Amino acid sequence: MSEAGAMTSKQRVLVALGRGQPDRVPVFDFIYSRRLFKEVIGRVPESYNAEDVVECSRRIGYDMVPVPFGGVAGFVEPGGGDTYRDEWGTTYKKDPHSWPIDAPVGFPLASRSDWKNYAVPDPALRARLDHVRTAIKMAQESRMAVAGIVRGPFSATWLLFGFDAFCTLLYDDPGFVGEVLGTITDFFIEGGRRMIEVGVDALFFADDYGSSVAPLISPSQFEEHVLPHVRRVVSEFNRLETPVIMHSDGHIRPLLEGLVRAGIDAYHPIERQAGMQLGEVKRAFGDRLCLLGNVGNTTTLVTGSPRSVQEEALECLRVAAPGGGYVLASDHSIKDDVPNENVFALYDAGRRWGEYPLRLPESLSDAGA
């Protein structure tokens, strides 16, 4: 244990996000598993909400809880049925397997005339902060860190066009795309500012850039069209002295140097199945980034035993925890297909072997497990 003794969860997370070495490696995850909610808090939320997420995270023992600005997908227009529109005009279709985030099936923008008549939602609506305020109040008792979440410019913009149309417009009318990117970035910068004002400890911007094999657009397109807006997001939150955690699925290794130069403080989730190698990323960027994740949520956590989950967690700790700047987590989130015992095994590995100074066994057999 560090000379300062045991830290609070909030202190532990903030030290790790600053690339330092806390008393032990923090543990956290995005909880998108209804059966985990059921076992841990005795109920299944109808939608992702601060009260249930904070309570579930606290009971598991996580050090940080993430809460989105205005709800998991923003405000939704009133109405029932399996198909609905959010306040941005994007249409979604409910799927019981995708809870709490549904797939987009229709988009509001196809042309400049659509954009001319488009009304951007108001980021200043007080109700957008309801879940954030609840989370901060509840987390004070257990002294967990609270991380606000905003969408990043890339994902938020293509969700207005549809991905195919967005990519075509990058060639046919990049000025139009740039105008939309800029406006949407302004919205989420304001959202982040407001969450900082009410007291979040860190900010995620969620902006998926990769497929399972490669970036979704070329590095040159990314550098030209997307990265300037990422820099604006990061520089504003950095100016407000708030750690910035970038969340991006997929294989984004060709983009990572530019993102690090843009000033992100941390990178989540280092998706194992997309070929993101934790050791290589740690060697290349460990002096500039805190790393979060890399325990496989489509492989080991789903089909493995608690023992194999702990072996993989130990591997992550051996690779990324020395010197600090690491948070143990899955390589995306905890979903319905992850057995609850594997969730608890991952958490237990962090508590048993994450204490500094590290004394990591080479295997569970060496640990007597």
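It should be emphasised that the depicted structure is a prediction, and the values quoted were computed from it without experimental measurement.

Reading the values: rules and limits
Residues numbered from 1 in each chain as written. Predicted model: local features only at pLDDT ≥ 70, side-chain atom pairs only at ≥ 80, totals over all residues. Heavy atoms only, no water. Buried < 20%, exposed > 50% of the residue type's maximum accessible area, 1.4 Å probe, protein only. Helix = DSSP H or I, 4+ residues; strand = E, 2+ residues; numbered from the N terminus. Pairing = 2+ DSSP bridges. Axes fitted to C-alpha atoms, helices over the stretch in contact; angles between N-to-C directions. Parallel < 35°, antiparallel > 145°, perpendicular 65-115°, else oblique. Left-handed = near helix turned anticlockwise from the far one by under 90°. Contact = heavy atoms within 4.5 Å. Salt bridge = Lys/Arg side-chain N within 4 Å of Asp/Glu carboxyl O.

Engineer: Would you explain the pairing of strand β2 (residues 64-68) in this entry?
Structural biologist: Across a regular strand the side chains alternate sides, sitting on one face of the sheet and then on the other. Where burial is concerned, most of β2 is hidden: five out of the five residues are buried. Covered by surrounding structure in β2 are Met 64, Pro 66 and Pro 68 together with Val 65 and Val 67, the residues of both alternating faces. Where β2 meets strand β6 (residues 145-151), five bridges bridge the pair, whose relative direction is parallel. Residue pairing across strands places Pro 68 opposite Ile 149, the latter belonging to β6.

Engineer: Looking at this structure, how should I read the packing of helix α10 (residues 253-261) against helix α11 (residues 278-285)?
Structural biologist: Helices that pack against each other are described as a pair by the angle of their axes relative to one another and the distance between those axes. Running from N to C, α10 and α11 point in directions that differ by 30°, and their axes come no closer than 12 Å. If you check the angle between α10 and α11, you find them roughly parallel. Seen along the crossing, α10 lies across α11 with a hand that is right-handed. Here Arg 253, Leu 256, Glu 257 and Val 260 of α10 lie close against α11, whose contacting residues are Glu 280, Val 281, Ala 284 and Phe 285.

Engineer: Which parts of the structure should I look at to understand the pattern of salt bridges?
Structural biologist: Charged atoms that come close allow side chains of opposite charge to pair. Tallied over the full model, the rule gives 24 salt bridges. Put simply, Arg 59 and Glu 55 hold a salt bridge, and the shortest N to O gap is 2.7 Å. Of the two residues, Arg 59 and Glu 55 are both situated in helix α3 (residues 50-60); the distance of four residues between them amounts to about one turn of the helix. Asp 348 serves as the salt-bridge partner of Arg 352, at 3.7 Å between the closest nitrogen and oxygen.

Engineer: Would you take a moment to explain the pairing of β6 for this structure?
Structural biologist: Of all the seven residues making up β6, six are buried; the element is thus mostly covered by neighbouring parts of the structure. Relative to strand β7 (residues 202-206), β6 is paired through five bridges, and the arrangement is parallel. Opposite Ile 149, over in β7, you have Phe 204 as the bridge partner.

Engineer: Where do I start with the side chain of Asn 342 in this structure?
Structural biologist: In this structure, Asn 342 sits in helix α14 (residues 340-353). Residues in contact with Asn 342, not counting those within four places in the same chain, are Thr 300, Leu 301, Gly 304, Ser 305, Pro 306 and Val 309.

Engineer: How should I be thinking about the sheet that holds β2 in this particular structure?
Structural biologist: In sheet architecture, strand pairing relies on hydrogen bonds along the backbone and comes in two forms, parallel and antiparallel. With parallel pairing, seven strands are arranged side by side in an open sheet as β2-β6-β7-β8-β9-β10-β11. In this open sheet, the two edge strands, each paired with only one partner strand, are β2 and β11 (326-327). Of the strand pairs in this sheet, strand β9 (residues 266-268) and strand β10 (residues 290-292) are connected by two bridges, and their pairing is parallel. When the sheet's bridge partners are listed, Ala 266 is paired in β10 with Cys 290. The strands touched by helix α9 (residues 219-239) are β6, β7 and β8 (244-247); relative to β7, the strand with the most contacts, the crossing angle is about 170°.

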